[in-house]
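Below are the chains, spelled out letter by letter.
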Amino acid sequence: MTNNTLISGFPRIGENRELKIALERYWAGTSEYLELEKTAKALREKHWLEQKQKGIEYISSNDFSYYDHILDTSVMLNAIPKRFRSISDPAERYFAMARGTDDAAAMEMTKWFNTNYHFIVPELDNDTPFQLNEKKIIQEYTEAKASGLKPKINLIGPITFVGLSKAPGGKDPFEYFDRVLSVYKELLATLDSLDDSITLQIDEPIFVKNPETKLLSLIKSTYDELSLAGKGLRIICNTYFEHACEAVEELAKTPIWAIGLDFIYGKSNLQCLEHINEKKLVAGVVDGRNIWADDLDYSLDLLNRISEIVPKDQIIVSTSCSLLHVPYSLRNEPESEIKSWLAFAVEKVEEVALLGKVFLGKPLSEVEKQTLEKRRSLFKVKKNSSLITNPSVTDKLKRISVTSRDGAFEERIKLQKKALNLPSLPTTTIGSFPQTPEIRKVRLDFKKGRISNDTYESEIKKYIDDCVAFQEQIGLDVLVHGEPERNDMVEYFGELLDGFLFTKNGWVQSYGSRCVKPPVIYGDVNRTKPMTVKWIRYAQSRTKKIMKGMLTGPVTIINWSFVRNDLPRSVIAKQIALAISEEISDLQDASIKVIQVDEAALKEGYPLREKNIKEYEKWAVDSFKLAVSTANKETQIHTHMCYSDFNDITKTIEEMDADVITIETARSGNRLLRVFHDVSYKNEIGPGVYDIHSPRIPTIDEFKNQIKERLLVVDRAKMWVNPDCGLKTRRWEEVKPALTHMVQATMDLRN
Ligand code: GLN
Ligand code: ZN
């Protein structure tokens, strides 16, 4: 028996972000397209080799992309939006779709399910010129073959593709499904004639999202037709991020060769195994989206349980999803105990290979035997490691008696109004001010030891001084210090809290050439010293106006990190909340009267399955309330969220009970804001009136119109005036006039 290991997909950005560098050079015009192609080819070659050397049998082609694999699928279908059709050069057009041009806005980008990867949203309409463009797929397949592989070909499935598309005027994109499917059929026929028995991995992650009847009813006919179109192909329909039991029942009725299921984030998949019948099962047992070394014994046990229902020789061992979501390799990380607990993409490939062998009882090499042994002892050691468990945190958590703040909103707001004495329609900003190259350099120089602590502090203070002076000068009501000491709103706190690790090279693609390096929460989170008090106190000392303290909330910290998997998220959130509550207490003691706790990522962490939502909402709300539980009634708690679609989550927002919430509405207007009105939301709201994603500087009149429009749905007595989000990505030349206009417009409307 052989052929029992598969990798869903491999990261493409490169071990040292080679693709990012090559892309940015090409975009900047400092290199030719040929140069970019050469880099891409070398990366693909290297990535195939990484998997081949480890003995993986099913290795992907077409998992590479210059920008995004959903955008590649749009191009494969020739679903080019009208505004880009006049660009004749394919590469130029591809990047124009992703990034926009002077004349044509970029296509929309959104989060890939509940990950931090962003894809380009396909646009379908009546004149979409559907037509097969299989060039990239064939090229990569041929290339892989030339380097000695018989690769599988990865595709995004037609149902997921259409399900994620948008159509103009709120039309249902499934109106175009037949046209999309016929291009897929043509593609499969073409691939069928290319080579014998090609394995095709068709990803349909949309099947895990509480599939509606309409969608389910498409599965059988679609996969029957696809199977017919490519009779000689071995089709795997692959799913991930949750269970896909409803879809499995449908897929079972089709002649496809295999079904791929995620047994890490979709434990319920164990319940639908009897439908696999004679098909192969691609069993995702190695976590493809977190960075912990696999507990091989646990995974073997899982595989054995699966094999009680699905015969061993039908099981293919795999990652739970594409490795796109984890960094490249541990090779580049400095030695440390924690390092031995981790596995990035390359190491996960090794784990899958080893599991495949052990599962089938194949003879192991000495090295492999050692790896297995080391893993066994590692999990024993890890369990008792003092790096992970901090008794004082356990202790503090046990002693918590107050889990939410004192006083109902109505009572609190009265006291706050008295303490703060703000005009009607108070103005504020979301926290950060422009991150200039100079301030970035100051932070970097300090980090690298190139400047002294004194120099660093005086530079940060200078920035704060300028920020405060500017805000006073234009007449803002609640000021901020501008966040010059922060690289990133999660990293900053992670670096100051116990329990976090920052990797050296743990980059993950976020979109296009943009990569993020999420922190790793490996142990109990603990605050050992104040994190923000010094800067906020300093900023407050520079003004008689109110200075807002600025913190990041527990849910956001968790959603933007790699999180330990030996504790429930609810407990980790509690630990972080406790640390924040301590910080709030200290800020209050330093006479700070308004404190904002950002929960920018609350919404994107929502579970994909309805049945898990309640539990998520519970710990999200509980941790927020615990975080602000130390705030006195007089202290005004703000929160900020980076979107405006609160339709499904108004109850959660209400339960969080922040005194003021600032949100993003400059682009969407009142359409989404109305929901607060509809549910008679009683706390205060700051709907964004300045679109910070655009370099445009709105005029005073435009601001007035924005504010007046918001006032149609928000009670004047409860409304704040502020931008959509932080200003860190904007330039001072834009921010200065824009905020001046914003404040001026507000003052005019007050009179
Ligand atoms: N306080 C943060 C800032 O202004 C909030 C950022 C965010 O919401 N993403 O930068
Ligand atoms: Zn925001």
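Residues numbered from 1 in each chain as written. Chains lettered and ligands numbered in written order. Predicted model: local features only at pLDDT ≥ 70, side-chain atom pairs only at ≥ 80, totals over all residues. Heavy atoms only, no water.

Visitor: Any chance you could break down the coordination of the zinc ion (ligand 2) for me, citing the residues and the numbers?
Guide: Surrounding the zinc ion (ligand 2) are the protein donor atoms H640 (NE2), C642 (SG) and C725 (SG), at 2.0 to 2.2 Å. Geometry at the zinc ion (ligand 2) is irregular, judged from the four donor atoms that bind it and their angles of 81 to 122 degrees at the metal. All donors of the zinc ion (ligand 2) belong to a single chain; written as a sequence motif, their spacing is H-x1-C-x82-C. For C642, a relative accessible area of 27% puts it in the partly exposed group. (Donors = N, O, S within 2.8 Å, 3.2 Å for Na, K, Ca; no water. Tetrahedral: all angles 85-135°; square planar, octahedral: opposite > 155°, others 65-115°. Buried < 20%, exposed > 50% of the residue type's maximum accessible area, 1.4 Å probe, protein only.)

Visitor: Account for the state of the cysteines, with residues named and values stated.
Guide: Note: disulfide means a covalent bond formed between the sulfur atoms of two cysteine side chains. The final tally for this structure, using the stated rule, is zero disulfides. For the unlinked cysteine C321, the closest cysteine sulfur is that of C237, found at 16 Å. Residue class for C321 comes out buried when judged on its relative accessible area of 0%. Of the cysteine sulfurs around C467, a residue in no disulfide, the closest is that of C725, at 15 Å. (Disulfide = S-S within 2.5 Å.)

Visitor: Describe the pairing of strand 8 (residues 258-262), listing the residues and the values that go with them.
Guide: Here strand 8 lies mainly inside the structure; five of its five residues are buried. In strand 8, alternate side chains face the same way, and those of A258, G260 and D262 on one face and I259 and L261 on the other are all buried. Across three bridges, the pairing between strand 7 (residues 234-238) and strand 8 is parallel. Each residue of the ladder has a partner; that of N238, found in strand 8, is G260. Here strand 8 runs beside strand 9 (residues 280-286); their pairing, made up of five bridges, is parallel. Bridge pairing in strand 9 links A258 to K280. (Helix = DSSP H or I, 4+ residues; strand = E, 2+ residues; numbered from the N terminus. Pairing = 2+ DSSP bridges.)

Visitor: Quick one: what's the story with the site of ligand 1, residue by residue and with numbers?
Guide: Residues in contact with ligand 1 amount to 13 residues; listed here are only the nearest, S432, E483, D598, H640 and C642. The separation between a nitrogen atom of ligand 1 and a polar side-chain atom of D598 is 2.7 Å. Within the side chain of H640, one N or O atom sits 3.1 Å away from an oxygen atom of ligand 1. Coverage of ligand 1 by the protein amounts to 92% of the 300 Å² it exposes when considered alone. Taken together, the residues of the shell around ligand 1 sort by class into six nonpolar, four polar and three charged. (Near = heavy atom within 4 Å. Polar contact = N/O pair within 3.5 Å; in protein donor to acceptor, adjacent residues only side chain to side chain. Areas by Shrake-Rupley, 256 points an atom, 1.4 Å probe, with all protein chains shown as cover. Nonpolar A, V, L, I, M, F, W, Y, C, P; charged D, E, K, R; others polar.)

Visitor: Outline the environment of K82, supporting the account with residue identities and numerical values.
Guide: Within the element layout of this structure, K82 appears in the loop between helix 3 (69-76) and helix 4 (90-99). Relative accessible area serves as the criterion here: at 56%, K82 is assigned to the exposed category.

Visitor: Lay out the environment of Y176 with the relevant residues and their values.
Guide: By secondary structure assignment, the location of Y176 is in the loop between helix 6 (158-163) and helix 7 (177-192). Residues Y176 and S668, spaced 492 residues apart in sequence, show a C-alpha to C-alpha distance of 26 Å. Excluding anything up to four places from it in sequence, Y176 contacts L124, D125, N126, F130, A167 and K171. (Contact = heavy atoms within 4.5 Å.)

Visitor: So, the pairing of strand 16 (residues 546-552): which residues are in play, and what are the values?
Guide: Burial within strand 16 is extensive, with seven of its seven residues counted as buried. Relative to strand 16, strand 11 (residues 478-479) is paired through two bridges, and the arrangement is parallel. In the sheet register, V478 faces strand 16, and the bridge partner there is I546. Across five bridges, strand 16 lies against strand 18 (residues 594-598) in parallel orientation. What sits directly across from G549, in strand 18, is I595.

Visitor: Pulling in residues and values, what's your account of the packing of aromatic side chains?
Guide: Counted under the stated rule, the structure contains 28 aromatic pairs. Ring geometry for F433 versus F470: centroids 6.4 Å apart, planes at 80 degrees, classification edge-to-face. Separated by 37 residues along the polypeptide, F433 in the loop between helix 14 (409-420) and helix 15 (437-447) and F470 in helix 16 (residues 453-474) bring together distant segments of the chain. A relative accessible area of 5% places F470 in the buried class. (Phe/Tyr/Trp six-rings, centres within 6.5 Å; stacked < 30°, edge-to-face > 60°.)

Visitor: Run through the nonpolar core, naming residues and quoting values.
Guide: Counting residues in each nonpolar core, the largest one holds 111 residues, and the members touching the most others are W112, I159, F207, Y223, F263, V285 and I306. Sequence-distant contacts of V285, defined by excluding residues within four places in its chain, comprise F263, I264, D294, S299, L302, L303, I306, V317, S318, S320 and L355. Listed in part, the 94 residues of the second largest apolar core include I580, L673, Y690 and V721. (Core = buried A, V, L, I, M, F, W, Y, C linked by side-chain atoms within 4.5 Å.)

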